[in-house]
Amino acid sequence: MTQLDTLQASTPQKKKLHPRVKALLRPGFLLGFFILSSSILLAVFPWAFAPYDPNAFDFNAIQKSPSWAHPFGTDNLGRDTLSRVIWAYQVDMQIAFFATFFAMVIGVVVGSLVAYHGGIADVLFGRLVDVTITFPFLVLVIAVVAVLGPGLTNMYVAVTLVQWVYYARLTRAEIMTQMTSDYASAGRVMGYSSTRIIFRHLLPNATTPLITYWMTDMALAILLGSSLGYLGLGAQPPQAEWGVLIAEGRNFITTAWWMSLMPGIAIVVTGLGFSLVGDSLADVLRPRGAS
Amino acid sequence: MTNQNESLLQVRDLTTTFHSKGRALRAVDGISFDVRAGEVLGLVGESGSGKSISLRSIIGLARDYGTVEGNVYWKGEDLLTRTDKQLQCVRGSQISMIFQEPMTSLNPLLTIGLQIEENLKAHTDLDRRARKARAIELLDTVGIPSASSRLKDFPHQFSGGMRQRVMIAIALASNPELLLADEPTTALDVTIQDQILQLLLSLAKNLNMAIVLVTHDLGVVAQTCDRVAVMYAGRLVETGSVRDVLKRPRHPYTLGLLKSVPENIPPRTPLYSVPGTPPALDALPKGCAFAPRCHKAEDVCLGSKPPLSVLGDGISSACHFTVDIREEVLA
Amino acid sequence: MTYEAPVLEVEDLHLHFPLKRTLFDAIQRKEKRIVKALNGVSLEVKRGETLGIVGESGCGKSTLARCLARLYEADKGTIRYDGQEVAAKDAGALREYNRKVQMMFQDPYSSLNPRMTVRQVLTEALRVHNMRPPEQINDRIAELLDLVRLPQDAADKLPHEFSGGQRQRIAIARALSVEPEVLVADELVSALDVSVQAQVVNLLLELQDKLDLTILFVAHDLRLVRHVSHRVAVIYLGTIVEIGDSEQLFNAPKHPYSKALLAAAPSLDPDKRHTRPSISGELPSPLNVPKGCAFHARCPHASGRCQSETPRLRALDELGNVACHHAEALLSA
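Peer 1: What is the right way to look at the overall build of chain B in this model?
Peer 2: Along the backbone of chain B there are 12 helices and 12 strands. Taking the principal axes of the C-alpha coordinates as reference, chain B spans close to 65 × 50 × 40 Å. With 331 residues in all, chain B has 56% of them scored as buried. Residue pairs in contact within chain B that sit at least 24 positions apart in sequence constitute 62% of those at least 6 positions apart. Summed over all atoms, the accessible surface of chain B reaches about 13,600 Å², with 51% contributed by carbon and sulfur.

Peer 1: How should the interface of chain C and chain B be read in this particular structure?
Peer 2: Interface size is commonly expressed as the accessible surface area that is lost when the partners come together. Taken together, the contacts link 44 residues of chain C with 47 residues of chain B. Together, His227, Leu268 and Glu282 of chain C form the three largest contributors to the area buried by chain C at its contact with chain B, with a combined 19%. Taken together, chain C and chain B are joined by six salt bridges. The partner of aspartate 209 of chain C in a salt bridge is arginine 268 of chain B, with the nearest N and O atoms 3.9 Å apart.

Peer 1: What's the story with the state of the cysteines in this structure? I'm lost.
Peer 2: Throughout this description, disulfide means a covalent bond between two cysteine sulfur atoms. A complete count under the given rule lists zero disulfides over all chains for this structure. No disulfide involves cysteine 301 of chain B; its nearest neighbouring cysteine sulfur is the one of cysteine 288 of chain B, lying 6.0 Å away. With no disulfide of its own, cysteine 306 of chain C lies closest to cysteine 293 of chain C among cysteine sulfurs, the gap being 5.8 Å. Take cysteine 306 of chain C: its relative accessible area is 6%, and that puts it in the buried class.

Peer 1: It is not clear to me how helix H5 (residues 137-147) of chain C should be interpreted in this structure. Could you clarify?
Peer 2: The periodicity of an α-helix, 3.6 residues per turn, causes residues three or four places apart in sequence to face the same way. All names here are of chain C. Three or more residues of H5 are buried, namely Ile137, Arg140, Ile141, Leu144, Leu145 and Leu147. Down the axis of H5, the buried side of the element spans an arc of 155°, and every buried residue falls inside it. Residues of H5 that are exposed and point over 90 degrees away from its buried face: Asp139 and Asp146. As for H5, its buried residues are in contact with helix H4 (118-128), helix H6 (164-177) and helix H7 (194-211). Phi for arginine 149, located one or two positions after H5, is positive at around 60°.

Peer 1: Sorry, what's going on with the pairing of strand S7 (residues 178-182) of chain B here?
Peer 2: Along any regular strand the residues' side chains alternate between the sheet's two faces. Residues and elements named next belong to chain B. Taking burial as the measure, the five residues of S7 include five buried ones, the bulk of the element. Residues Leu178, Leu180 and Asp182 line one face of S7 and the alternating positions Leu179 and Ala181 line the opposite face, and both faces are buried. Where S7 meets strand S8 (residues 210-215), five bridges bridge the pair, whose relative direction is parallel. Counted as the bridge partner of leucine 180 is valine 212 from S8.

Peer 1: Please clarify how the side chain of aspartate 75 of chain A should be interpreted in this entry.
Peer 2: All names here are of chain A. Mapped onto the secondary structure, aspartate 75 falls in the loop between helix H4 (46-49) and helix H5 (81-117). A relative accessible area of 3% places aspartate 75 in the buried class. There is a polar contact of 2.9 Å between the side chain of aspartate 75 and the backbone nitrogen of leucine 77.

Peer 1: What's the story with the packing of aromatic side chains in this structure? I'm lost.
Peer 2: Enumeration according to the criterion identifies 24 aromatic pairs over all chains in this entry. Judged by centre distance (5.7 Å) and plane angle (90°), the ring pair of phenylalanine 45 of chain A and tryptophan 47 of chain A falls under edge-to-face. Its relative accessible area of 55% is what places tryptophan 47 of chain A among the exposed residues. Pairing phenylalanine 17 of chain C with tyrosine 72 of chain C gives two aromatic rings, centres 5.2 Å apart and planes at 70°, and the pair type is edge-to-face. Placement of phenylalanine 17 of chain C in strand S1 (residues 6-18) and of tyrosine 72 of chain C in the loop between helix H2 (61-68) and strand S4 (76-81) is noted, with a sequence separation of 55 residues between them. Note on phenylalanine 17 of chain C: relative accessible area 29%, which makes it partly exposed. The rings of Phe97, Phe98, Phe101, Phe102, Tyr156 and Trp214 of chain A are connected pair by pair, giving a single aromatic cluster. One Lys or Arg, arginine 196 of chain A, reaches over the ring of tyrosine 192 of chain A and ends 5.8 Å from the middle of that ring. The ring centre of tyrosine 230 of chain A lies 5.2 Å from the NZ or CZ of arginine 250 of chain A, which sits over that ring.

Definitions and limits used
- Residues numbered from 1 in each chain as written.
- Chains lettered and ligands numbered in written order.
- Predicted model: local features only at pLDDT ≥ 70, side-chain atom pairs only at ≥ 80, totals over all residues.
- Heavy atoms only, no water.
- Helix = DSSP H or I, 4+ residues; strand = E, 2+ residues; numbered from the N terminus.
- Buried < 20%, exposed > 50% of the residue type's maximum accessible area, 1.4 Å probe, protein only.
- Contact = heavy atoms within 4.5 Å.
- Areas by Shrake-Rupley, 256 points an atom, 1.4 Å probe, with all protein chains shown as cover.
- Buried area = accessible area lost by both parts, 1.4 Å probe.
- Salt bridge = Lys/Arg side-chain N within 4 Å of Asp/Glu carboxyl O.
- Disulfide = S-S within 2.5 Å.
- Arc of directions from axis to C-beta.
- Pairing = 2+ DSSP bridges.
- Polar contact = N/O pair within 3.5 Å; in protein donor to acceptor, adjacent residues only side chain to side chain.
- Phe/Tyr/Trp six-rings, centres within 6.5 Å; stacked < 30°, edge-to-face > 60°.
- Lys NZ or Arg CZ within 6 Å of the ring centre and 35° of its normal.

Shown next as structure tokens:
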């Protein structure tokens, strides 16, 4: 369908930047951007938004249902749930970043190198991927945390140890696709070093799916962090963390449902924010002229 | 229509418009031509000229992505007014089509025997036994060796040339009177292209089947077609018998195309080249679409589109200055 | 043409790609399948000439081009540049070889990094090879754009803003930026429309004269190869079946395959129609190259000897070599 190709190729030339701006003006992205930027604000300046001290007991207001004074209610020790949910942003956004960032960096470097150089390293990597994806992700992470001991730092280590394989697998596949393009061969013919070809030519063209995956993964990391917090393997009480909050409310689910529901909503909303932004970024980051 | 008996297919003012981002892009702009029974017509042009879209518009495939206007008379009846359902009794039976990529137009999960029989089932009254016999006969006709044993093979077990033969066999299943061929040999090597073209020619002759052959290769046109229609930017710029058009082109674009091909010129001398590139559909000039690249262009060319006018001997050309071109060819 | 030492010498080049054996194949104890892409190619390229390389898809012509550009490493055989064996060079000398031998690719849409502007592409090439001091780079880019006839404002555009023909010009500019001696053009204009093809071919011929380049022109379009080449090599299933002076080869091909190939090319003259296909059968798969002469199954002149004994490329006259047992007999017939 050569005709249709030219037809599509010829249209964007007139309106510069239009497709990208358009992708950014979609309601999905705007909503996601709003959620994420508020989340970051809450994570950086929790004291400015939280109406109460998150750890202050108020024995006059134990398990109060949501009211004007306590919009999200209070817990069994009289702590303001809204304040605790807000302070938990600090921990959970941190989890979103630290539990994914190092895995991504390691995965991208390893994935690029094995894809480009191939050989025995690639074969070994293939086996490692097979082994890793055989186990459910959570089980593997829990196993590592069990060895290292509970706590946030150990959780980051555990998640990174497991998660980098997924990033590496994705990067490897993307780089392999890019390597079928002649510009990679052209780089070799020009006598460029493999480091230059990988990191300056191939990788920039492989970032779109990586960024999208990273966004989704940050949402999943929050879920994972909360799950581990819930299980007592991640953040430790009395630190406010959504999973910990849900776990605390577990025993009172019939009498004080807000204790678990409110942090649950926070998880869902933040996760949604990451997904929406990731989705739109895929369109924005794609090189123009490519389909 | 008066000359129905003579012309199998009459295309009148065929116009296909795409709608993209609120703008109308005219891929095919009012083309008219006839196809007579048993004749091979070449529709030639560069990529983006609208030649494939024209072919797809004729058989109702372009409706899915654009607006098709004008008339396409098949034995006197207008195909464009028919619904898809009504088209089915023409499409695939009286008119068949083959494509450039034989791999993607065959179903990879079905044996080719099944795919041929499927077509026979839809368009003939043959029973199962007869269908199988006919399928073998068809594969034999298109030159596939040991046809009976290959019915059970899947498309990926055939080479590119053989797949195109299979496509032709499927197209022939219904004894069509017209075959629409969309760049059928572009993906093939020259020796295989030669074989497929010879096959198409002998089929046209033996089965009295007309062919509309879309191609970008003037050599293919010279070797196979009876008549040729040259397209540029969605319009026909020149039509006529192959010998007339290729030996004495009237339109500067046809001339430019012909002279760009390195044949009969001293080696390593500069080739004649048409300056610039074909216009994009969203930036078509107001006048003659070729004017910005034409060395003959004058004010009149920039202002008005020249109509396709008959110059005698069945030759038509769409140029304001057709007469002057002749001397140049001889020079 | 006076005799000069060849700039590139290729001797008995072999390259086989083993196909991955699936588990299923291993269970069935199938033999490992090998794509025999090059089976002993020998040729010389003289300085300043254009050597055309023709053949059908899968014949190994692109593989040969990629071997010369060092994208593939040959299994066997040698490539010599200016008399020195390339494989024996150290890393620094190899980089120099890579600079001197540049390659251009077929697909104008994938041979440029979609995220780099023309200026970035050219700057990178000029910097990596230290072709110019940093302050002269922009001037050099302007010169290069002039050389390939692109407007100056092209420098800051991204590849998708150009047409196919313009992209191939950018690829040529990139190759020329490192001031190479040999250009390997792998189907450089095959993806372009005829009218644009002519523009790029003219440019290539002009640049060759201006810059004294040696060109390997790999293409399947015989008319184009004939037009640009001084000498031509015809490849069939990874071996050269005929090599020689371009005009001589096209006017009077000696190998039956060359003959068939030329006859199959559609002429622009409607009066020169042939009514029977020039050759029957298809190119055998490079997975199992026939014994003896690889062409014997399709050759109208094949004899028993052709089935068992591989013909060597030998000189028939001073203008060319041919690999056919019956070349003399066919010539006199």
